[in-house]
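Descriptive structure summary
For reference, the chains in residue letters:
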Amino acid sequence: MKIHEKYINRCIELAKNGLPAAIPNPSVGAVIVHNEKIIGEGYTSPYGGPHAEVNAINSVKQPSLLPESTIYVSLEPCSHFGKTPPCSDLIIAKKIKKVVIGTTDPHDKVSGNGIRKLQAAGCEVNVGVLEKECIDVNRRFFTFHTKKRPYIILKWAQSNDGFISPETAVKDISEAKPHWITNAYSRQLVHKWRSEESGILVGTNTVINDNPKLNTRSWNGKDPVRVILDPKGRIPHTYAVYDGTVNTIVLSGEKGSVPENKNISLEKMDFTTNVGNQICDILYKHQVQSVIIEGGAQTLNTFIEEGLWDEARVFTGSSDLKSGLRAPELNANTKEEHDIKGDRLSIYRNT
């Protein structure tokens, strides 16, 4: 088992290289071993491209060794035709007789079918090596397919004395601008995070007070889908979230509350009950696999109170505000602490 863990651990390292480009697919790592020597490696290509097993097999310089080799994969090989042919078929065609798998695939089109296909072809299959670690690499994918909702990341910045923002009331768009609690390094990190998630969600007050663009302008990466809560249609159509440059979903109780634009869609919902669950259902329908929730306090607290969150990333700046809106409170243990040039970043997991 220890030798299996060694190679599955390498698969996990490789799988990380495929994120976030592989999304909405999981990112898988594959290693091919002959006589305890790695002869091939691969990880999932950007979405639509070859899977890890294909890349690993294609990297082997002596294909004649494949029938005598073991292939290690962090996730069960697929068994259906999608954008690429089934990886289980390729393993069988290459006569690889030993397959070690980190964890099964929760997708309803796979879900054990790849394993059964390999076993039916006479392959020796070992499943469940470093399973927890393999699931963690693709926790967004697993959450989406097992819980039928996006993987939810809460993010906020608070002052040293625990305030999320000063108490301000914006009267017109010329006054709408963010009050920065964190430094430029922390803000750039947030843009990197945005590029790694499918969606980003904020509430009405955050949009009206800050007029945010909610894009990745400080990082080279894909913009997430903007998700805007606007129960009463209060956000002016001149604000940046309605500029049409990024796909935007507006959740509102009001009909006709968004401008006509091919990149903007309106979803009606009831804001009087189970708000978090309704949001999750809508985002699941739109295939938003993960969402980073950037505020404000009321929106963040909605998800905290309903227990609908998987990670929380909290920045604490070095200055005091002395008054304003209190930051949310989490009943959770810190998993990680990082210093970001004077800002403190605390990362929590909801267990």
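Predicted model only: the values in this text are computed from it and were never measured.

Reading the values: the criteria
Residues numbered from 1 in each chain as written. Predicted model: local features only at pLDDT ≥ 70, side-chain atom pairs only at ≥ 80, totals over all residues. Heavy atoms only, no water. Buried < 20%, exposed > 50% of the residue type's maximum accessible area, 1.4 Å probe, protein only. Helix = DSSP H or I, 4+ residues; strand = E, 2+ residues; numbered from the N terminus. Pairing = 2+ DSSP bridges. Domains from an automatic or database assignment. Buried area = accessible area lost by both parts, 1.4 Å probe. Salt bridge = Lys/Arg side-chain N within 4 Å of Asp/Glu carboxyl O. Polar contact = N/O pair within 3.5 Å; in protein donor to acceptor, adjacent residues only side chain to side chain. UniProt positions renumbered as here; feature names shortened; annotations may be inferred. Contact = heavy atoms within 4.5 Å. Phe/Tyr/Trp six-rings, centres within 6.5 Å; stacked < 30°, edge-to-face > 60°. Lys NZ or Arg CZ within 6 Å of the ring centre and 35° of its normal. Core = buried A, V, L, I, M, F, W, Y, C linked by side-chain atoms within 4.5 Å.

**Quick word on the pairing of strand β3 (residues 70-75)**
Burial analysis of β3 places six of its six residues in the buried class, the great majority of the element. With four bridges connecting them, strand β1 (residues 29-34) and β3 associate as antiparallel partners. Pairing of Ile32 across the sheet is with Ile71, part of β3. Both β3 and strand β4 (residues 98-103) contribute to a ladder of five bridges, which runs parallel. Residue pairing across strands places Leu75 opposite Thr103, the latter belonging to β4.

**A look at the domain arrangement of the protein**
When cut into domains, the protein gives domain 1 (1-142) and domain 2 (148-349). If you average the C-alpha positions of domain 1 and of domain 2, the two centres end up 36 Å apart. For domain 1, the biggest contributors to the area lost against domain 2 are Pro20, Arg139 and Arg140; these three give 69% of the whole. Where domain 1 meets domain 2, there are three salt bridges. As a salt-bridge pair, Arg140 and Glu197 come within 2.8 Å of each other at their nearest N and O atoms. Where domain 1 meets domain 2, there are five residue pairs in polar contact (both at pLDDT 80 or more).

**Some details on the pattern of salt bridges**
Summed over the entire model, instances satisfying the criterion amount to 17 salt bridges. Salt-bridge contacts for Lys117 lead to Asp89; the nearest nitrogen and oxygen are separated by 3.0 Å. Of this pair, Lys117 sits in helix α4 (residues 113-120) while Asp89 is found in helix α3 (residues 87-93), placing the two residues 28 residues apart along the sequence. You can call Lys117 partly exposed: its relative accessible area is 28%.

**Quick look at the UniProt feature "binding site: Zn(2+)" (unreviewed entry) in the protein**
Per the UniProt entry, the sites bearing "binding site: Zn(2+)" (unreviewed entry) are His51, Cys78 and Cys87 in this numbering. In sequence the annotated residues extend across 37 residues, while in space they remain close, none of their C-alpha pairs exceeding 9.1 Å. Here His51 is to be found in the loop between β2 (37-43) and α2 (52-59). With residues near it in sequence (within four places) discarded, His51 still touches Asn25, Tyr43, Thr44, Cys78, Thr84 and Cys87. Residue placement: Cys78 occurs in the loop between β3 and α3. For Cys78, the residues in contact, after removing those within four places along its chain, are His51, Pro85, Pro86, Cys87, Ser88 and Val110.

**Overview of the packing of aromatic side chains**
Ring pairs (aromatic) are described by centroid distance and by the angle formed between their planes. If you walk through the whole model with that rule in mind, you get four aromatic pairs. With 5.0 Å between their ring centres and 45° between their planes, Tyr7 and Tyr72 make a pair best called tilted. In this pair, Tyr7 sits in helix α1 (residues 2-16) while Tyr72 sits in strand β3, placing the two residues 65 residues apart along the sequence. Using a relative accessible area of 3% as the deciding quantity, one classes Tyr7 as buried. With a centroid separation of 5.5 Å and 25° between ring planes, the pair formed by Trp193 and Phe315 is classed as stacked. Taken as a pair, Trp193 in helix α7 (residues 184-196) and Phe315 in strand β13 (residues 311-316) lie far apart in primary sequence, 122 residues in all. Overall, the relative accessible area of 1% leaves Phe315 in the buried class. Directly above the ring of Trp180 sits Arg187, whose terminal nitrogen or CZ lies 4.5 Å from the centroid.

**Description of the nonpolar core**
Counting 28 residues, the largest nonpolar core has Ile152, Leu154 and Ile279 as the members making the most contacts within it. Taken together, the elements giving at least two residues each to this core come down to β6 (151-158), β9 (225-229), β10 (248-252), α9 (275-285), β12 (290-295), α10 (297-305) and β13. Per-element tally for this core: the top contributor is α9, with five residues. The residues touching Ile152, leaving out its near neighbours within four places in the chain, are Cys280, Val291, Ile293, Phe303, Leu308, Trp309, Asp310 and Glu311. Counting residues in each nonpolar core, the second largest holds 26 residues, with Ile181, Val202, Val250 and Ile264 among its members.

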